[in-house]
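Summary of the model geometry
What follows is the residue order along each chain.
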Amino acid sequence: MTLPLSYVHPTPDSPWGTYLMQVDRVVPYLGHLAKWVDTLKRPKRVLIVDIPIEMDNGDVAHFEGYRVQHNLSRGPGKGGVRYHPDVTLEEVMALAAWMSVKNAAVNLPYGGAKGGIRVDPKTLSLKELERMTRRYTSEIGIIIGPQRDIPAPDVNTNPQIMAWMMDTYSMNTGSTATGVVTGKPVDLGGSLGRVKATGRGVFVTGREAARRINLNLEGARVAVQGFGNVGSAAAELFAQAGAKIVAAQDHTGTIFNTRGFDLADITAHVRDTGGVGGFKGAEPMAGEEFWDVDCDILIPAALEGQITADRARRIKARMVLEGANGPTVPTADDILADRGVLVVPDVICNAGGVTVSYFEWVQDFSSFFWTEDEINVRLDKIMIGALKKIWDTADRHKITLRTATFAVACERILKAREERGLYP
Ligand code: NAD
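Here goes a summary of the coordinates provided.

Cut-off values and rules
- Residues numbered from 1 in each chain as written.
- Predicted model: local features only at pLDDT ≥ 70, side-chain atom pairs only at ≥ 80, totals over all residues.
- Heavy atoms only, no water.
- Disulfide = S-S within 2.5 Å.
- 1 Å grid on protein atoms, 1.4 Å probe; cavity = no way out; pocket = protein on both sides within 12 Å on 5 of 7 lines; lining within 4 Å.
- Points joined across faces, edges and corners; volume = space filled by probe spheres on them.
- Helix = DSSP H or I, 4+ residues; strand = E, 2+ residues; numbered from the N terminus.
- Nonpolar A, V, L, I, M, F, W, Y, C, P; charged D, E, K, R; others polar.
- Pairing = 2+ DSSP bridges.
- Contact = heavy atoms within 4.5 Å.
- Axes fitted to C-alpha atoms, helices over the stretch in contact; angles between N-to-C directions.
- Near = heavy atom within 4 Å.
- Areas by Shrake-Rupley, 256 points an atom, 1.4 Å probe, with all protein chains shown as cover.
- Domains from an automatic or database assignment.

The next subject is the state of the cysteines. Put plainly, two cysteines are in a disulfide when a covalent bond ties their sulfur atoms together. In this structure the tally under the stated criterion is zero disulfides. Summary of cysteine pairing: Cys-410 is not part of a disulfide, and the nearest cysteine sulfur, belonging to Cys-349, is at 18 Å.

This is the structure:
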């Protein structure tokens, strides 16, 4: 009876196609809840907006923006906003759906949502960026709100952009609505620990997974793709635990040093130059060679679809920690599983960011703020507890951690769906 969606045309390796296949794989583990599974295969609500802004030279430019609410059965929508020239509706739909799964996997009282603008923000002045952000916030203002849908940072968005979003929504509603976005500056109701929370979650799940496969972090070799918010914070924590960051890749280049980088030096270089390319403490290498690097841990922390079947055959790591959303296509997932490479999937591995976003939202409502230690202790507890439940599920059914995470999460979402019932 249910026809496929007419407005997207996924392929097996595209983000929405990847997500659909991940859902199909979980159906055998859903029991009677499988009857509701089509609800996961279509977003609840899709908003496409036109964002016209006046450029500094007086011209008018138009940008295409999206906000997708994938599933709201367990609570308000929650998920980031991405600024990137390759953003498409299909990509935002997949990112929103992965948020539904992620939020349920760590048992946060949220549904899943995501937003984005098709733009290369590096081509805009600061004032143009602000005007675009404010107009986008006004346009999606009809569906967001502290109890409805709460955006946060993602690729190329940051605390300053969240501050503009919070201010715009507050002006439009005549209130001070700190709870409308998370990832804000700390003096505007942001949470301590939020900036590094996603990287911290990658490290905490990685440390637990390493323990289970007897991989000693002391001296372990780590390769990181993407040295932004997620990749750099994860690299820093692995280095503090005694691991060596031997390779890094971002949009400016690929670098390698068998002895490991000095984290303070590379962080300063990225801050000053905008990327890892040209870092003096390492050798440059061709981009494709990144996937052949001898390492124990590989952290994709850039964009989707990076681990293709061909690259999966070449990866030397014992463990892949998915800091990025959707970095591994399904065929590559199977190859890694056959080769015995452990994949800690995005939907649990990078859930640290949204978990501290949840803490931020709770703190905003109570106007009472926690210390960074309290944040980190609570974050670690949630991540470790969620991973344990997922690992037990994987062992029980003899399935991958990805399918186990989907099993735990989709059961929670569909149970809520069933308990709420269909309206009317
Ligand atoms: P960011 O903008 O801070 O960093 C993105 C990084 O990816 C940069 O280092 C950039 O140079 C690199 N990159 C971009 N294109 C690339 C390419 N073609 N090849 C190699 N590197 C490339 O973004 P971020 O917040 O660190 O997000 C990274 C990933 O983590 C995304 O998939 C995002 O959805 C996911 N994620 C982010 C958060 C968060 O809290 N920020 C939470 C969960 C998941």
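Having seen it, we continue.
Time to look at the layout of surface pockets. Its volume calculated, the second largest pocket comes out at about 380 Å³. Thr-39, Lys-44, Asn-71, Ser-73 and Arg-417 are the residues nearest the centre of the second largest pocket, which is lined by 15 residues in total. Secondary-structure elements contributing two or more residues to the lining of the second largest pocket are β2 (60-71) and α13 (401-420). Counted by class, the lining of the second largest pocket contains four nonpolar, five polar and six charged residues.

Okay, the sheet that holds strand β8 (residues 253-256) next. The strand order β9-β8-β7-β6-β10-β11-β12 describes an open sheet built from seven strands, whose pairing is mixed. Where the open sheet ends on each side, the last strands, each with one partner, are β9 (283-284) and β12 (342-344). Strand direction decides the pairing type here: strand β11 (residues 319-321) and β12, joined by three bridges, are parallel. Within β12, the position partnered with Met-319 by the bridge is Leu-342. On top of the sheet, helix α5 (residues 197-212) reaches β10 (297-300), β11 and β12; it is set at about 160 degrees to β11, its chief contact.

As a further point, take the site of the ligand. Within the structure, the ligand sits among 22 residues, and Asp-154, Thr-198, Asn-229, His-251 and Asn-325 are positioned closest to it. Relative to its unbound accessible area of 830 Å², the ligand is 84% covered by the protein chains. In terms of domain composition, the shell around the ligand takes at least three residues from each of domain 1 (43-175) and domain 2 (197-349).

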